[in-house]
Amino acid sequence: MFRGGNFDRLLEKATSQLLLEPDWDATLQICDSIRQGDVTPKYAIPAIRRKVYDRNPHVSLYALQVLESVVKNCGSPVHQEIAQKEVMEELRDLAKRSPENVRNKVLELIQVWSHAFRNEPSYRVVQDTYQIMKMEGCSFPELRESDAMFAAEKAPEWKDGDVCHRCRVQFGMVQRKHHCRACGQVFCGKCSAKNSIIPKFGIEKEVRVCDSCFEELNNLPGSSSRPAASKAAGKTGENDLPPEYLNSPLSQQSQVKGDTGHMPPSQKDLELQEREELELAIALSQSEAESKERGPYTNYNNYSSVSAHNSSPPASNSLYNNTSSTASNDDSYEMDPELARYLNRSYW
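Residues numbered from 1 in each chain as written. Predicted model: local features only at pLDDT ≥ 70, side-chain atom pairs only at ≥ 80, totals over all residues. Heavy atoms only, no water.

Trainee: Any details on the pattern of salt bridges? Residues and values, ideally.
Mentor: On inspection of all chains with the given rule, the structure shows 15 salt bridges. A salt bridge links Arg92 to Glu136; the nearest nitrogen and oxygen atoms lie 2.2 Å apart. In this pair, Arg92 sits in helix α6 (residues 85-97) while Glu136 sits in the loop between α8 (124-135) and α9 (145-152), placing the two residues 44 residues apart along the sequence. Accessibility expressed as a relative area gives 17% for Arg92, which makes it buried. Residue class for Glu136 comes out partly exposed when judged on its relative accessible area of 38%. The partner of Glu108 in a salt bridge is Lys105, with the nearest N and O atoms 3.9 Å apart. (Salt bridge = Lys/Arg side-chain N within 4 Å of Asp/Glu carboxyl O. Helix = DSSP H or I, 4+ residues; strand = E, 2+ residues; numbered from the N terminus. Buried < 20%, exposed > 50% of the residue type's maximum accessible area, 1.4 Å probe, protein only.)

Trainee: For a negative patch on the surface, give the residues involved together with the corresponding values.
Mentor: Taken together, Glu271, Glu274, Glu276, Glu277 and Glu279 make up a surface patch of like negative charges. Residue position: Glu271 is located in helix α13 (residues 267-309). By relative accessible area, which is 41% here, Glu271 ends up partly exposed. (Patch = residues over 30% accessible without salt bridge, like charges linked within 9 Å, V, L, I, M, F, W, Y side chains within 5 Å. Areas by Shrake-Rupley, 256 points an atom, 1.4 Å probe, with all protein chains shown as cover. Lys, Arg positive; Asp, Glu negative; His and termini not counted. Charge placed at Lys NZ, Arg CZ, Asp CG, Glu CD.)

Trainee: Kindly report on helix α7 (residues 100-116), identifying the contributing residues and their values.
Mentor: Along an α-helix, a turn takes 3.6 residues, which lines up residues three or four apart on a common side. Taking 1.5 Å of rise per residue, the 17 residues of α7 would be expected to cover 24 Å, and the 24 Å separating its terminal C-alpha atoms lies within 8% of that figure. The element α7 is extensively covered by neighbouring structure, given that 12 of its 17 residues are classed as buried. Among all positions of α7, only Val102, Lys105, Val106, Leu107, Glu108, Leu109, Ile110, Gln111, Val112, Trp113, Ser114 and Ala116 are buried. (Expected span 1.5 Å × (residues − 1).)

Trainee: Help me get a handle on the packing of helix α4 (residues 57-73) against α7, residues and values and all.
Mentor: Running from N to C, α4 and α7 cross one another at 15°; their axes reach a closest spacing of 9 Å. Classified by the angle their axes make, α4 and α7 are roughly parallel. The chirality of how α4 crosses α7 is left-handed. Contacts between α4 and α7 involve Pro57, Ser60, Leu61, Leu64, Gln65, Leu67, Glu68 and Val71 from the former and Asn101, Val102, Lys105, Val106, Glu108, Leu109 and Trp113 from the latter. A per-class count over the contact of α4 with α7 returns 9 nonpolar, 3 polar and 3 charged. (Axes fitted to C-alpha atoms, helices over the stretch in contact; angles between N-to-C directions. Parallel < 35°, antiparallel > 145°, perpendicular 65-115°, else oblique. Left-handed = near helix turned anticlockwise from the far one by under 90°. Contact = heavy atoms within 4.5 Å. Nonpolar A, V, L, I, M, F, W, Y, C, P; charged D, E, K, R; others polar.)

Trainee: Outline unusual backbone geometry, listing residues and values.
Mentor: Even without glycine at this site, Arg168 takes up a positive phi of about 65°. Inspection of the secondary structure assignment puts Arg168 in the loop between α9 and β1 (178-179).

Trainee: Tell me about the packing of α6 against α7, and name the residues and values.
Mentor: Running from amino to carboxyl end, α6 crosses α7 at an angle of 145°, the nearest separation of the two axes being 8 Å. As α6 runs across α7, the sense of the crossing is left-handed. On α7, the residues touching Met88, Leu91, Leu94 and Ala95 of α6 are Val102, Arg103, Val106, Leu107, Ile110 and Trp113.

Trainee: Explain helix α2 (residues 24-35) to me, and be specific about the residues and the numbers.
Mentor: Between the first and last C-alpha of α2 there are 16 Å, a value that for 12 residues agrees with the 16 Å anticipated at 1.5 Å per step. Along α2, 9 of the 12 residues are buried, which leaves the element largely enclosed by surrounding structure. For α2, the complete set of buried residues consists of Ala26, Thr27, Leu28, Ile30, Cys31, Asp32, Ser33, Ile34 and Arg35. Taken from the residues just after α2, Gly37 is the one with a positive phi, measuring 85°.

Trainee: Could you give me a rundown of the environment of Val112, with the residues and numbers involved?
Mentor: Counting through the fold element by element, Val112 comes out in helix α7. When its relative accessible area of 6% is taken as the criterion, Val112 is described as buried. Residues Val112 and Glu142, spaced 30 residues apart in sequence, show a C-alpha to C-alpha distance of 9.6 Å.

Trainee: Help me get a handle on the nonpolar core, residues and values and all.
Mentor: Ranked by size, the top nonpolar core spans 44 residues in total, and within it Phe7, Ile30, Ile34, Val70 and Trp113 carry the most contacts. When sequence neighbours within four positions are dropped, the list of residues in contact with Ile30 reads Phe7, Leu10, Leu11, Ala14, Val66 and Val70. Judged by nonpolar contacts, the second largest core, of 17 residues, contains Ala182, Phe187, Cys191 and Ile203. (Core = buried A, V, L, I, M, F, W, Y, C linked by side-chain atoms within 4.5 Å.)

This is the structure:
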């Protein structure tokens, strides 16, 4: 009795004549109470119908919106209660005697339900009512995109369990269970803390979903659709290349560029570069060791012999000659023979 009383309280809140816009929180709680089994569809649908036939058009309109959400989210048990001849006759009569906004909402619901149940023989009465109203001259609105998606897919039935479907934590007095509106699995509060709309089920209000469904619905990098798109883009780029290049051996080589925009060196080039750097370091070490063994006087004598061999330098090389003479007069200056020969331009 308590559960039925809670449902009635939510229904009164969602269809109050004082509302300026739909109370989606109360509407979703009504859907949750039906899906969780707190109240049966046999009790919920007649209660909503009484609100639909209220004399106040505002209450009637809000009740129709609650009925629409319940049909979209609560599955076949509710569909069976709606697809009754008595219910369809009452909605047909309501469309004839109601104000324009209520009449348009009734026509919209009958059209959407007829399209959604077109492949269900047990719900034939809904399609028959739609065809009869069309012959009577009723002008139905066009189907919206969310309604067409609802017609294609139905929200999954809620699963039950004692542990979280993702982290496997045990449910109890402190750890409450929650259901993902997209996949129907049961989760803890931490694993289902995100909210998102679900267009394929016609849910245009953000509802609780698990982390995996949130990434899939919002196309985040963790979703599985991104790798497929990248692969397709890669194939498109290859098809744009000329056939001469695709048939050449160059197309078989790695064409991945680094951050600087240049092609990365191959392993063979890296080994060759390391070998050359090692040989250069050894040669420099040997040259320094030989220079220290010869001493400053040896370098001075070698340099003097080279200078004597070229006794008449041209005037244009006076700068180099001054540099050479300054170096030869400094006994403490160590000069390599090869360097001295390079500085003496007249030798060349």
